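Residue-level structure breakdown
Okay, here's what each chain looks like letter by letter:
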Amino acid sequence: MKITFNKLFRQFLTEYNLPDDFSFSVDLPAEVQNVLAGQILITEYGVRLKSLNMLHETKPDYENQSMFEDNENHFHVASYIKPADNKKSFMLGIKTLNLLAKKFQPERLNGIRFWYSFQTPELGKLWTKQVKLDKEGDEYFISDRLSFYKRRIGEDIISIEENEDKLWAILIIDI
């Protein structure tokens, strides 16, 4: 496993006093356990978990099969933390992505990219202002996204360089 993360991700690790080897524990909500328990399926269109969406051939509105696979293989975990808590949500996302990547290793699957992005409500507010989508009275929440896809030649759709900014904490695990 090759683990990469951006500066904001490291900043959150430091701020929340978490080790960068992810050797902390979290309680996994049943919904997250159900996703992780899904059988790994290899199809002609890519890799997925049985507990997630079906994969199909790309549609004209998608740029490539990897983008489609990434979109269909994504889920969110922050909403399972009640009441909302930045640190606990961040920890759950890290642990979930790490467990997901480890699930794929015994299958000897290589060339899979696992992706986690995390944003606090405060960063979400800054982001919406930056992209000029903010409105008076908007409410902001913790935002996260976990996904995975097969890395195909010429289809590397996500890298930290493209998304290296101060508004999203990003973790990538490649196997």
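Scroll up to find the structure.
Here's a quick rundown of the structure. In this text, all values refer to a predicted model and were calculated from it rather than measured experimentally.

Comments concerning the overall build of the protein
- Along the backbone of the protein there are six helices and six strands.
- Its helices and strands in sequence order give the protein the pattern β-α-α-β-β-α-α-β-α-β-α-β, from N to C terminus.
- The buried share of the protein, taken over its 175 residues, is 47%.
- Long-range contacts, defined here as pairs at least 24 residues apart, represent 71% of the contacts in the protein between residues at least 6 apart.

A word on helix H5 (residues 121–130)
- Among all positions of H5, only Pro121, Leu123, Gly124 and Thr128 are buried. Projected down its long axis, H5 carries its buried residues within an arc of 155°, all on one side. Along H5, exposed side chains directed more than 90 degrees from the buried face belong to Glu122 and Gln130.
- As for H5, its buried residues are in contact with helix H1 (7–15), helix H4 (86–104) and strand S4 (112–119).
- One or two steps after H5, the chain reaches lysine 132, where phi turns positive at roughly 60°.

Here's the deal with the pattern of salt bridges
- Per the stated rule, a full pass over the model turns up five salt bridges.
- Between aspartate 70 and arginine 145 there is a salt bridge, with the nearest N and O atoms lying 3.3 Å from each other. One end of the pair, aspartate 70, is in helix H3 (residues 65–72); the other, arginine 145, is in strand S5 (residues 143–150), with 75 residues separating them in the sequence. Take aspartate 70 and arginine 145: they sit in the same class, and that class is buried.

Brief notes about the packing of helix H2 (residues 30–37) against H4
- At a minimum axis separation of 10 Å, H2 and H4 run at an interaxial angle of 20°. When the interaxial angle is binned, H2 and H4 end up roughly parallel. Considering how the two elements wind past one another, H2 and H4 form a crossing that is right-handed. Of H4, the residues touching H2 (which contributes Val32, Leu36 and Ala37) are Leu92, Thr96, Leu99, Leu100 and Lys103.

Structural notes on the sheet that holds S5
- Spatial ordering of the open sheet is given by S1-S6-S4-S5, a layout of four strands whose pairing is antiparallel. Only two strands of the sheet have a single neighbouring strand rather than two, namely strand S1 (2–5) and S5. Across the sheet, the mean angle separating the axes of adjacent strands is 10° when strand polarity is ignored.
- Examined bridge by bridge, S1 and strand S6 (residues 169–174) share four bridges and lie antiparallel to one another. Within S6, the residue paired with phenylalanine 5 across the bridge is leucine 171.
- Strands in contact with H4 are S4, S5 and S6; relative to S4, the strand with the most contacts, it is inclined by about 175°.

Criteria and cut-off values
Residues numbered from 1 in each chain as written. Predicted model: local features only at pLDDT ≥ 70, side-chain atom pairs only at ≥ 80, totals over all residues. Heavy atoms only, no water. Helix = DSSP H or I, 4+ residues; strand = E, 2+ residues; numbered from the N terminus. Buried < 20%, exposed > 50% of the residue type's maximum accessible area, 1.4 Å probe, protein only. Contact = heavy atoms within 4.5 Å. Arc of directions from axis to C-beta. Salt bridge = Lys/Arg side-chain N within 4 Å of Asp/Glu carboxyl O. Axes fitted to C-alpha atoms, helices over the stretch in contact; angles between N-to-C directions. Parallel < 35°, antiparallel > 145°, perpendicular 65-115°, else oblique. Left-handed = near helix turned anticlockwise from the far one by under 90°. Pairing = 2+ DSSP bridges.

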